[in-house]
Amino acid sequence: MVEPKKRIEIIDALRGFAVVLMVIHHLLYNLVEFLGAPEWFFSNPVFDVLHYIFAGVFIMLSGVSSRFSRGNIKRGLIVIALAAGISAVTYLMDMPIWFGVLHLLGFSMLFFGVTKRFWDIVPRKASPIIFISLIVALSLGTAYLELFVESPIAGAAVSVLGWAQPGFVSYDYFPIFPWIFVFLLGTWAGLYIVERKLPKWFYEFKAPFFPKIGRKALLIYILHQPVLYGIVWLLQRAGVSWAA
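Anyway, here's the lowdown on the structure attached to this text. (Residues numbered from 1 in each chain as written. Predicted model: local features only at pLDDT ≥ 70, side-chain atom pairs only at ≥ 80, totals over all residues. Heavy atoms only, no water.)

### Quick look at unusual backbone geometry
What counts is decided by this rule: Each helix corresponds to a stretch of at least 4 residues labelled H or I by DSSP, and each strand to a stretch of at least 2 residues labelled E; elements are numbered beginning at the N terminus. Here the term buried applies to any residue with accessible area under 20% of the maximum for its type, exposed to any over 50%, and partly exposed to those in between, with areas from a 1.4 Å probe on protein chains only.
Backbone torsion omega between Phe 177 and Pro 178 reads 5°, so that peptide bond is classified as cis. The topology assignment puts Pro 178 in helix α7 (residues 176-194). One non-glycine residue, Arg 196, lies in the positive phi region at around 55°. Relative to the assigned elements, Arg 196 resides in the loop between α7 and α8 (200-204). Residue Arg 196 is classed as partly exposed on the basis of its relative accessible area, which comes to 37%. The residue Phe 209 is not glycine, and still its phi comes out positive at about 70°. Within the secondary structure, Phe 209 is located in the loop between α8 and α9 (210-215).

Below you can see the structure in the form of structure tokens.
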């Protein structure tokens, strides 16, 4: 297997674009929640669909990147620790994030690091069919199949899997099912990218601005919402509101 000698800019650009859209999405939420902007700013049929599309791109690209790393277990543990810190901070802010995209990515990296040999023996041509089928099946299953448990501990585990229990609230929620299979679909695509089996233009693509954002995606994810929240809080204190 031949690994590329330099970063593939189109991957960083796509990740950067997804991060920018995520920041805009959260900014719109803050405007609605704290400054009284119209609710359709944040929640409308177009944004609701695009939110999951670009989140899916971000998660899949993380799976692609896992093919470039030999330390996925270590990376996963670091990201899980950062996600736990975000849970603690957001709990104190009364906006708890118990299993958001960062929790999912950390778990997925760790899971892939432990099970990589298994996925490597799955026939390549069958892998995308398996993963896409599971994404569709589990999306429908978690949406329409009711699963309730009485035990608080079991309820938390079931919520993390994808069946949110009554009373479970997470301001960013990306459960293991179906999203881990989006990540694994990225690990499948990553094999072809690492082995340079894609067209030449893919590896030579150049773009302004977004690749730099993509290379700082983790830092931006950790910092962007506290920064946005702080700005909105200052505007609130200054008496600024959408109605005004």
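Moving on from the coordinates now.
### With respect to the side chain of Ser 62
Applicable threshold: Contact criterion: two residues are considered in contact whenever any of their non-hydrogen atoms come within 4.5 Å of each other.
With respect to the secondary-structure elements, Ser 62 resides in helix α2 (residues 45-66). Apart from the residues within four sequence positions on either side, Ser 62 is in contact with Leu 105, Met 109 and Phe 183.

### Some details on the environment of Leu 138
Structurally, the position occupied by Leu 138 is in helix α5 (residues 127-144). Remark: the alpha-carbon pair of Leu 138 and Pro 96, spanning 42 residues in sequence, is separated by 25 Å. Aside from chain neighbours lying at most four places away, what touches Leu 138 is Phe 177, Pro 178 and Phe 181.

### What about the packing of α2 against helix α4 (residues 101-121)?
The relative placement of two packed helices comes down to the angle between their axes together with the axis-to-axis distance. How we decide: Fitting a line to C-alpha atoms yields each axis, with helices limited to the stretch in contact; the angle taken between N-to-C directions then spans 0 to 180 degrees. Angular relationships are summarised with four words: roughly parallel below 35 degrees, roughly antiparallel beyond 145, roughly perpendicular across 65 to 115, and oblique for the angles in between. Two helices cross in a left-handed way if the nearer one is turned anticlockwise from the farther one by less than a right angle. They cross in a right-handed way if the turn is clockwise. Residue classes follow a fixed rule: Ala, Val, Leu, Ile, Met, Phe, Trp, Tyr, Cys and Pro count as nonpolar, while Asp, Glu, Lys and Arg count as charged, and any other residue, Gly among them, counts as polar.
Interhelical geometry of α2 versus α4 gives an angle of 30° and a closest axis separation of 11 Å. The orientation of α2 relative to α4 falls into the category roughly parallel. Like other packed secondary-structure pairs, α2 and α4 cross with a definite hand, here right-handed. Each of Phe 58, Ile 59, Ser 62 and Ser 66 in α2 lies in contact with α4, whose residues at this interface are Val 101, Leu 104, Leu 105, Met 109 and Phe 112. Per-class residue counts for the contact of α2 with α4 are seven nonpolar, two polar and no charged.

Taken by themselves, the reported measurements are silent on function.
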